[in-house]
Amino acid sequence: MTVLAPAWSPTTSLLLLLLLSPGLGGTPDCTFPQSPISSNFAVAFRKLSDYLLQDYPVTVASNLQDDEVCGALWRLVLAQRWMIRLKTVAGSQMYILLEAVDTEIHFVTSCAFQPLPSCLRFVQTNISHLLQDTSAQLAALKPQIKSRNFSRCLELQCQPDPSTPLPPRSPWALGATALPTPQHPLLFLLLLLPLVLLLLLAAAWRLHGQRRWRRTPCPREQRGL
């Protein structure tokens, strides 16, 4: 029996590649037609805050871009990552409280966020500050989350680094903009040089005359000879 092999053309291979490539299916959608934020989310945060040690160390991003549309969502993304990390080391009771908070912010995982940028800098703070900030971001986001499209927020942005040095300027650019050195002292010396030469000549002439006068014998000395 003869088995016919499928006729793969270059066009067919290209179409199959496009269908299987996850990044070529268009811009990922990040919208919430129905609000994923519950009306009593603050209760879950309060219960967890009462149970946790207030000075438990966590980290927060210190240079996240202040974006009017994306800022709150970005902070929720970072907070949700902390909830996942804490659940891996929590006991049974703590896990339940962490899970309740994670449920309130888990909706951020429905958007295809890019990996965290390497420019993000983190500073240590305590868990109470993280929970307060996360609850405040939810409260700010709740009235507008259904009417906004967050598709442009899928990549977290850093603030410009003020300590980044400017690129070095070329010697030609420095030479073109450098101010000329004042030449007033040199001009004064050039004007003074002829006077100094005249004084030196006068002193030399006077010294020569004194030596000549000393060498000339007196008339009495000439008679004695």
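Remember, predicted model here, so these are calculated numbers, not experimental data.

Before going further, it helps to spend a moment on helix α4 (residues 92-105). Here α4 spans 20 Å end to end across 14 residues, near enough to the 20 Å set by a 1.5 Å rise per residue. Here α4 has its buried residues at Met94, Leu97, Leu98, Val101, Asp102, Glu104 and Ile105. Seen along its axis, α4 keeps its buried residues to an arc of 155 degrees; they face one direction. With respect to the buried face of α4, the exposed residues turned more than 90 degrees away are Ser92 and Ile96. Those residues of α4 that are buried are in contact with α2 (41-51), α3 (71-87) and α5 (127-141).

This next bit is on the state of the cysteines. Considering all chains together, one arrives at 3 disulfides under this definition. At a sulfur-sulfur separation of 2.0 Å, the disulfide partner of Cys119 is Cys158. Note on the Cys119 and Cys158 pair: the S-S dihedral is about 85 degrees, so by sign convention the disulfide is right-handed. Taken together, the residues Cys119 in the loop between α4 and β2 (122-126) and Cys158 in the loop between α5 and α6 (171-177) connect sequence positions 39 residues apart. Cysteine pairing in the protein chain follows 1-3, 2-5, 4-6, where each cysteine in a disulfide is numbered by its order in the sequence.

Cut-off values and rules
- Residues numbered from 1 in each chain as written.
- Predicted model: local features only at pLDDT ≥ 70, side-chain atom pairs only at ≥ 80, totals over all residues.
- Heavy atoms only, no water.
- Helix = DSSP H or I, 4+ residues; strand = E, 2+ residues; numbered from the N terminus.
- Expected span 1.5 Å × (residues − 1).
- Buried < 20%, exposed > 50% of the residue type's maximum accessible area, 1.4 Å probe, protein only.
- Arc of directions from axis to C-beta.
- Contact = heavy atoms within 4.5 Å.
- Disulfide = S-S within 2.5 Å.

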